[in-house]
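# Summary of structural features
Residues per chain, in single letters:
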Amino acid sequence: MIKKSSLTSKLISYFFLIVLAYVMIYPLLWMIGASFKTNQEMFGTVGILPKDPVFGAFSAGWHGTGQYGFSTFLTNTFLMVVPTVIFTAISSVLVGYGFARFDFPLKKPLFFIMLSTLMLPATVIIIPRYIFFKRLGWLDTYLPFIVPAILGSFPFFNFMMVQFFRGLPVEIDESGKLDGCNSFTILKDLLLPLCKSAIFSVIVFQFVWTWNDFLNVLIYISSVAKYPVALGLRMTMDISTEFDWNQIMAMSLISITPPIILFFAAQKYFVEGIATTGMKN
Amino acid sequence: MLSRKRFNYTGYLYILPWVLGFLLLQLVPLINSFWYSFTQFQLLGSPKFLGLANYKKIFTADPTFYQSLKVTFYYVLIAVPLKIGFALLIAIILNQKIKGINLFRTLYYIPSILGGSVAISVLWKYLFMNKGVINNILSTVGIGAIDWLGNPSIALGTISLVTVWQFGSSMLLFLAGLKQIPISHYEAARIDGAGTMRIFFQITLPELSPIVLFNLIMQMINAFQDFTSAFVITQGGPLKSTYLYGLMLYDQGFKFFKMGYASALSWILFVIILFFSSMTFRSSESWVHYGDSL
């Protein structure tokens, strides 16, 4: 009796999970299919697979109709995202190490301030920041993204690294000290190799967030030659007619591919990260 | 050797980037924005002190402010509970010994990686437009077309769907929390003859309550500031029915370049967010259960 009811409830669960998975992923599958459909087919049908796949949408969108095509926007996005991600990883490791391993005056209040900035709404400081960067002549450059990364202005990642360093045994540092290492060598040679999974998490999250960021690029980047994909895509959508919707779907598809690839490539390290912290308990 | 605590000033060297960043990119801007909010400040001039005039105008002579505030409250009230409730439900289902849990988890998480992007907003627009796929699907099952984006009483719901669709990140937090609940708790309850519902309300939910609180606060802070989907999909329309606070701030600050007025708006939002997060924290004393071990 009990077995039977748990079997049916399991079946219902599976059925629900599979239907839900399909609903969740359907928009993305439709997007992939639509990139290969003709415009007429795109809106007349509900199926995912195109009847007669056409491949023109990708090359047409890639080269663009105006002066700049998607190849430019994609390159720009990497020029903006890659330095931001690298500097975020470096600064969060340094700040995390500082808070986790050293005792200095005012450490507690400073750490508390950092934690509270986690909840500071970005919209409150967006205007003065804009004016500040404008006075420095940084508008229409990627510096408003890169410099905050250098200065560790993403408290979430700093906090993540603090937590991670706290989980590493202090004996590692002490053995390094006995060998005559200074604090930086201890970080570089002994601790850093153990931080791989945490650093990968920082990289993936910051990559995805910066890649998807729209409000900031909308505010800071004004010339089309410097547009990242987010702005390029919206511009293409605004000037498009009914006849190149498949192009826009194709370009949307290309623009979401790098974050997805990175996520799947780094998934192993996420799991590893969870496993190691679980083992520590 | 005698000193109680040995300070190591090298620590400052490591946290220096953050200290500079905090001062230059957070604290000074915060003070500036407070100051600007009492001024008239067109981007090209310098700020002119106005006293409370901006705030007075917002509260007494700006109907869009109230419209936007109303829309934003509705949005937060729809999107946040739905997202968290859904995340919790799915996490509980996945926590039964489900085969292929990794696959489901990944599939449900993917929208959270993409959700905030323009590409997804564009996709949403195409899915929900009048002759879009969703209406085609509805017509094959015999339901008439719905004006998802053009009807002022539906459009906000359509925008909220983008948010709810990204329940994956909250779900992961709940899953991690569920793993921490000792099986003995469940067994004890079952021996006492508790049914599924009672187990959920008396064990699962209380044990997860700190994570519910965390999700609630973070999602609320984010939802109050949401921008991209409403901006790209409906541009705040129709009839300003999706004119979220973020859109109003953007218009005042970066379309009309009224930096003083926009700063005042941003401080009002800040106070609203502070109010609701602290209310949530306060109320949590009565519903958040911290484990006996703590």
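Structure: see above.
Residues numbered from 1 in each chain as written. Chains lettered and ligands numbered in written order. Predicted model: local features only at pLDDT ≥ 70, side-chain atom pairs only at ≥ 80, totals over all residues. Heavy atoms only, no water.

### Description of the overall build of chain B
In terms of helices and strands, chain B carries 13 helices and two strands. Against the compact-globule benchmark of 19 Å for 294 residues, chain B has a radius of gyration of 24 Å, which places it well outside the compact range. Its C-alpha atoms give chain B principal-axis dimensions of about 85 × 70 × 35 Å. Pairs at least 24 apart in sequence give 69% of the contacts found in chain B among residues at least 6 apart. Carbon and sulfur atoms form 67% of the exposed surface of chain B, whose accessible area is close to 14400 Å². Positive and negative charge centroids in chain B, built from 20 and 9 side chains respectively, lie 10 Å apart. (Helix = DSSP H or I, 4+ residues; strand = E, 2+ residues; numbered from the N terminus. Rg over C-alpha atoms; globule rule 2.2 N^0.38 Å. Contact = heavy atoms within 4.5 Å. Areas by Shrake-Rupley, 256 points an atom, 1.4 Å probe, with all protein chains shown as cover. Lys, Arg positive; Asp, Glu negative; His and termini not counted. Charge placed at Lys NZ, Arg CZ, Asp CG, Glu CD.)

### Examining the packing of aromatic side chains
Each pair of aromatic rings is reported with the distance of its centres and the angle of its planes. For the structure on display, the rule yields 60 aromatic pairs over all chains. On the numbers, 4.8 Å between centres and 25° between planes, the contact of B:Phe227 with B:Phe231 is stacked. Comparing B:Phe227 with B:Phe231, the two get one shared label, buried. We note A:Arg166 situated over the ring of A:Phe111; from NZ or CZ to the ring centre the distance is 5.0 Å. Residue placement shows B:Lys57 over the ring face of B:Tyr261; its charged tip is 5.0 Å from the ring centre. (Phe/Tyr/Trp six-rings, centres within 6.5 Å; stacked < 30°, edge-to-face > 60°. Buried < 20%, exposed > 50% of the residue type's maximum accessible area, 1.4 Å probe, protein only. Lys NZ or Arg CZ within 6 Å of the ring centre and 35° of its normal.)

### Topic: the packing of helix α3 (residues 63-95) of chain B against helix α13 (residues 259-287) of chain B
Residues and elements named next belong to chain B. Direction vectors running N to C along α3 and α13 enclose 30°, while the axes themselves pass 13 Å from each other. You can see that α3 and α13 cross each other, and the crossing is right-handed. Touching Phe65, Leu69 and Phe73 of α3 are Leu265, Ile268, Ile272 and Phe276, all from α13. Class assignment for the residues of the contact of α3 with α13 results in seven nonpolar, no polar and no charged. (Axes fitted to C-alpha atoms, helices over the stretch in contact; angles between N-to-C directions. Left-handed = near helix turned anticlockwise from the far one by under 90°. Nonpolar A, V, L, I, M, F, W, Y, C, P; charged D, E, K, R; others polar.)

### Some words on the interface of chain B and chain A
Between chain B and chain A, the contact holds 85 residues from the first and 85 residues from the second. Carbon and sulfur atoms supply 78% of the area that chain B and chain A bury against each other, a total of about 7600 Å² over both sides. Seen at the junction of chain B and chain A, the total is zero salt bridges. Across the contact surface, chain B and chain A share 14 residue pairs in polar contact (both at pLDDT 80 or more). No other element matches the 18 residues that helix α1 (residues 10-36) of chain B contributes to the side of chain B that touches chain A. (Buried area = accessible area lost by both parts, 1.4 Å probe. Salt bridge = Lys/Arg side-chain N within 4 Å of Asp/Glu carboxyl O. Polar contact = N/O pair within 3.5 Å; in protein donor to acceptor, adjacent residues only side chain to side chain.)

### Comments concerning the packing of helix α6 (residues 122-135) of chain A against α13(B)
Between α6(A) and α13(B), the least distance of the axes is 7 Å, while the angle of their chain directions is 155°. Taken together, the axes of α6(A) and α13(B) lie roughly antiparallel to each other. On the side of α6(A), the interface is formed by A:Thr123, A:Val124, A:Ile127, A:Tyr130 and A:Ile131, while α13(B) contributes B:Met259, B:Ala262, B:Ser263, B:Ser266, B:Trp267, B:Leu269 and B:Phe270. Grouping the amino acids of the contact of α6(A) with α13(B) by side-chain chemistry returns nine nonpolar, three polar and no charged. (Parallel < 35°, antiparallel > 145°, perpendicular 65-115°, else oblique.)

### A few points about the nonpolar core
Within soluble globular proteins, side chains that are nonpolar tend to cluster in buried spots. Judged by nonpolar contacts, the single largest core of 154 residues is most densely connected at A:Trp30, B:Tyr108 and B:Tyr126. Among the elements that line this core, the one with the most residues is α3(B), at 14 residues. Apart from residues lying up to four places away in sequence, B:Tyr108 is in contact with A:Leu17, A:Leu20, A:Ala21, A:Met24, B:Ile90, B:Leu94, B:Phe167, B:Gly168 and B:Met171. Within the second largest apolar cluster, 29 residues are counted, among which are A:Tyr97, A:Val162, A:Leu191 and A:Cys195. (Core = buried A, V, L, I, M, F, W, Y, C linked by side-chain atoms within 4.5 Å.)

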